[in-house]
Amino acid sequence: MNVNRYTPPVQPRSRREEYSEATRAALVAAARANFAAHGYADASIEMIAREARVTRGALYHHFADKRALFEEVVRAVQSDAAARVNAVAVRKSGPWERLEAGLGEFLTISHEPEYRRVVLEDALSVLGSLRWREIDDEYMLAGTTAAITALARAGELPPDNISLVTHLLIGAVTEAGLVVAASDTPVETGAAATGLLMCFLRGVRGPAT
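Chemist: I'd like a description of the packing of helix α8 (residues 162-182) against helix α9 (residues 186-205), backed by residues and values.
Modeler: Direction vectors running N to C along α8 and α9 enclose 165°, while the axes themselves pass 10 Å from each other. In terms of axis orientation, α8 runs roughly antiparallel to α9. Crossing of α8 against α9: the hand is right-handed. Taken together, the residues of α9 that come into contact with α8 (itself represented by Val165, Leu168, Leu169, Ala172, Val173, Ala176, Val179 and Val180) are Pro186, Thr189, Gly190, Ala193, Leu197, Phe200, Leu201 and Val204. Partitioning the contact of α8 with α9 into residue classes produces 14 nonpolar, 2 polar and no charged.

Written out as structure tokens, the structure reads:
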């Protein structure tokens with residue numbers, strides 16, 4: 001039986017709401033550029049507000065302090081990284097190929113100046129390890145879980161340890177990202193790390209029968 005349900009019309013945003021969203025976006029964009037270029041310690045609130053073309057008061061209307069603004073930048077950088085990893089992975093046909101492509105793309109991102117400085121260098125010390133991990137999981141856990149689940153459904157990994165394998169892989173990938181970020185030969189180091197991570201997963205699968 002079809003039941004017609006009333007759906008209230010979407011109310012257009014007011015000019016004030018549009019202006020508020022635009023101001024917040026401008027602040028995040030300016031902060032992102034400054035944190036990436038100068039680091040958290042040397043990026044000033046005054047500089048960010050000036051480049052966003054707003055007052056300090058407007059900045060503090062949207063963000064309680066510099067740390068809160070930095071956390072928003074970390075989220076933006078992580079969101080973009082997760083989208084890039086997913087975009088590369090979905091182009092591949094099989095679960096192993098998708099996972100390997102995603103790992104390779106993440107390790108490429110790890111050596112890029114913005115991600116390296118904002119997420120891998122400053123975020124841990126500014127936000128603390130617990131908050132850093134919560135944000136990392138927010139953007140990376142779902143995709144990694146989906147990749148491991150796809151392997152389990154294909155009979156390539158044991159189905160009873162998906163969560164454990166996922167968290168072990170995330171830990172290993174994070175450490176690999178730190179190594180690649182500090183490497184003088186990031187392309188070669190990233191390729192080697194990707195190979196080792198795949199070996200780890202194939203070891204979880206066990207010997208071929």
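Chemist: Outline the packing of aromatic side chains, supporting the account with residue identities and numerical values.
Modeler: As enumerated under the stated definition, the model contains 4 aromatic pairs in all. Their ring planes at 70° and their centres at 5.0 Å tell us that tyrosine 40 and phenylalanine 70 sit as a pair that is edge-to-face. One end of the pair, tyrosine 40, is in helix α1 (residues 15-42); the other, phenylalanine 70, is in helix α4 (residues 66-89), and 30 residues separate them in sequence. Neither residue differs from the other here; tyrosine 40 and phenylalanine 70 are each classed as buried. The structure contains a cluster of three or more aromatic residues connected by ring pairs, namely Phe35, Tyr40 and Phe70.

Chemist: Before we move on, can you summarise a nonpolar patch on the surface with the specific residues and values?
Modeler: There is a patch of nonpolar side chains on the surface, built from Leu164, Leu168 and Phe200 and spanning about 270 Å² of accessible area. Secondary-structure assignment places phenylalanine 200 in helix α9.

Chemist: Tell me what's going on with the pattern of salt bridges, and back it up with residues and numbers.
Modeler: Summed over all chains, the structure comprises 13 salt bridges. A salt bridge links arginine 24 to glutamate 72; the shortest N-O distance between them is 3.7 Å. Residue arginine 24 is located in helix α1, and its partner glutamate 72 is located in helix α4; the two are separated by 48 residues in the primary sequence. Residue glutamate 134 is joined to arginine 131 by a salt bridge in which the shortest nitrogen-to-oxygen separation is 2.8 Å. Here arginine 131 and glutamate 134 lie together in helix α7 (residues 129-153), a separation of 3 residues that amounts to about one turn. Look at glutamate 134 and you get partly exposed, because its relative accessible area is 38%. Classification of arginine 131 as partly exposed rests on a relative accessible area of 25%. A network of salt bridges, in which partner residues are shared, links Glu71, Arg75, Arg131, Glu134 and Glu138.

Rules used throughout
Positions within a chain are numbered from 1, following the residues in the order the chain's sequence is written. Only residues with pLDDT of at least 70 get local features here, since the model is predicted, and only at 80 or more are side-chain atom pairs given and counted; chain-wide, interface and lining totals rely on the full set of residues. Only hydrogens and water are set aside; all other atoms, that is, all heavy atoms of the structure, feed into the side-chain values. Only the stretch in contact is used when fitting a helix axis, every axis being a line fitted to C-alpha atoms; angles between N-to-C directions are given from 0 to 180 degrees. Secondary structure elements follow DSSP: runs of H or I of four or more residues count as helices, runs of E of two or more count as strands, with numbering from the N terminus. If an angle is under 35 degrees, it is roughly parallel; if it is over 145, roughly antiparallel; if it lies from 65 to 115, roughly perpendicular; otherwise it is oblique. Crossing handedness is defined as follows: a turn of the near helix away from the far one that is anticlockwise and smaller than a right angle gives a left-handed crossing, while the clockwise case is right-handed. It only takes one pair of heavy atoms within 4.5 Å for two residues to be counted as in contact. Each residue gets one of three labels, nonpolar for Ala, Val, Leu, Ile, Met, Phe, Trp, Tyr, Cys and Pro, charged for Asp, Glu, Lys and Arg, and polar for the others, Gly among them. We call Phe, Tyr and Trp rings a pair once their centres come within 6.5 Å, taking the six-membered ring for Trp, and we label the pair stacked below 30 degrees between planes, edge-to-face above 60, and tilted otherwise. Only protein chains enter the calculation, and the probe is 1.4 Å; a residue is then buried if its accessible area is under 20% of its type maximum, exposed if over 50%, and partly exposed in between. By definition, no residue in a patch forms a salt bridge, and every one has over 30% relative accessible area; like charges are joined within 9 Å, nonpolar side chains (Val, Leu, Ile, Met, Phe, Trp, Tyr) within 5 Å. Method for areas: the Shrake-Rupley scheme with a 1.4 Å probe, in which residue coverage is limited to the protein chains shown. Salt bridges are identified by distance alone: a Lys or Arg side-chain nitrogen within 4 Å of an Asp or Glu carboxyl oxygen.

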